[in-house]
Amino acid sequence: MANTPHGGILKDLYVRDEPIHSELQAESETLPSVTLTERQLCDLELILNGGFSPLEGFLTQAEYASVLATSRLPTGEVWTMPIYLDVDIAELQHLGVEAGSRVTLRDPRDDQALAIITVSDLYTVDREAEAVQIYGANDQAHPAVHYLFNSTRDTYVGGRVQAVNAPQHYDYVAIRRSPAEVRALFKKLNWTRVVAFQTRNPMHRAHRELTVRAARMRHANVLIQPVVGLTKPGDIDHFTRVRVYQAIMAKYPNGMAQLSLLPLAMRMGGPREAVWHAIIRKNFGATHFIVGRDHA
């Protein structure tokens, strides 16, 4: 991994769309709208800030089929996890939405307009094929397969998005950094080699030791980037986890490590998820990534 974003360019849609922000804001209030689920909100935030580069929206049917079959986008870049906008087709039909329509995507917490999607296509999910190809088995004991069969709607909407507003967070704001902000921090600190480490559970002493050892082996610094979006049912709440991360940061050699939170909705997708996590950290500027045993 180099410091170059995945696909060569960081797709920061806030920067791209800033010159027409006022027009997009005004248009968003005139369009039919869809309120996002918690998982879709996490996905959209990482599409908009470039964490999911080279994606510029939710996968079209051709992109989705390519990711399932080959773990690549049709343009050739490795991409292992389908990022889709599942919707209630009856609701869309009631709103008159079809291919070519523009739809406002709203935050489920405060109803704020976050983005506008231009609908490329609407397609029906084959849940069994997705479960087998992404998670390895059609087994609803797996949390993401259970979610797929019990929470995901039947129709997926593909299309590119334009940024209207960033989702608002009120907790740990100082350590919620976008890819551009993390890259700027590395530049300020003159970090050129960075080992990224992710956890969804509290860190402990062994994690500290393995990250320090990895950094010293690679003559690198450490980015601790825990997931604070959706994880797995039964996981410890993110407020408790972040307090643990903050406490353990003081145990690193001075200047070795930085903490930054990632609003990712995990899928527990095993090998595909491990690659996906590495791609995301590449977009945040890391050059190395630690894959744990039974990662995700």
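Under an unreviewed UniProt entry, the name given to the chain is Sulfate adenylyltransferase, and the source organism is Kickxella alabastrina.

Right, let's get into helix α9 (residues 205–217). Here α9 contains 13 residues, and its C-alpha end-to-end distance of 18 Å stays within 8% of the 18 Å for a straight helix at 1.5 Å per residue. Looking at α9, one finds that the buried residues are His207, Arg208, Thr211, Val212, Ala214 and Ala215. Mapping the buried residues of α9 onto a view down its axis gives an arc of 160°, with all of them on the same face. The exposed residues of α9 that point more than 90 degrees off its buried face are Arg205, Arg213, Arg216 and Met217. If you follow the buried residues of α9, they end up packed against β7 (194–197), β8 (221–224) and α10 (238–249). Note on α9: the residue one or two positions beyond its end, His219, has a positive phi of about 50°.

Looking now at the pattern of salt bridges. Scanning the model with the defined rule gives 13 salt bridges in all. A salt bridge links Glu56 to Arg160; its shortest N-O distance comes to 3.6 Å. One end of the pair, Glu56, is in the loop between α3 (38–48) and β2 (57–58); the other, Arg160, is in strand β6 (residues 155–163), with 104 residues separating them in the sequence. Glu56 gets classed as buried once you look at its relative accessible area, which sits at 13%. Given a relative accessible area of 58%, Arg160 falls into the exposed group. Between Arg153 and Asp86 there is a salt bridge whose closest N-O contact spans 3.1 Å. One end of the pair, Arg153, is in the loop between α7 (143–150) and β6; the other, Asp86, is in strand β3 (residues 85–87), and 67 residues separate them in sequence.

Let us look at the packing of aromatic side chains. Using the criterion set out here, one finds nine aromatic pairs in the structure. Look at Tyr123 and Tyr156: their rings are 5.6 Å apart centre to centre, the planes differ by 80°, and that puts the pair in the edge-to-face class. Residue Tyr123 is located in strand β5 (residues 113–124), and its partner Tyr156 is located in strand β6; the two are separated by 33 residues in the primary sequence. The exposure classification of Tyr123 matches that of Tyr156, with both residues buried. Aromatic side chains Tyr172 and Phe239 sit 6.2 Å apart centroid to centroid with 45° between the ring planes, which places their arrangement in the tilted category. Of this pair, Tyr172 sits in the loop between β6 and α8 (179–189) while Phe239 sits in helix α10, and the two are 67 residues apart along the sequence. Members of the aromatic cluster, connected to one another through ring pairs, are Tyr64, Tyr84, Tyr123 and Tyr156.

About the cut-offs
Throughout this document, residue positions are counted from 1 along each chain, in the order its sequence is written. Since the coordinates come from a predicted model, pLDDT governs what is reported: local features require at least 70, and pairs of side-chain atoms require 80 or more to be given and counted, while whole-chain, interface and lining totals use all residues. To obtain the side-chain values, all non-hydrogen atoms of the structure were included, while hydrogens and water were left out. The helix and strand labels rest on DSSP assignments: H or I over at least four residues marks a helix, E over at least two residues marks a strand, and numbering proceeds from the N terminus. Helix span is expected to be 1.5 Å times the residue number reduced by one. Relative accessible area decides the class of each residue, using a 1.4 Å probe on protein chains only: under 20% of the type maximum gives buried, over 50% gives exposed, and in between gives partly exposed. The arc in question is traced by the directions running from the helix axis to the C-beta atoms. We call two residues contacting when some pair of their heavy atoms lies within 4.5 Å. Any Lys or Arg side-chain nitrogen found within 4 Å of a carboxyl oxygen on Asp or Glu counts as a salt bridge. By convention, a stacked pair of Phe, Tyr or Trp rings (six-membered ring in the case of Trp) has centres within 6.5 Å and planes under 30 degrees apart, an edge-to-face pair has planes over 60 apart, and any other such pair is tilted.

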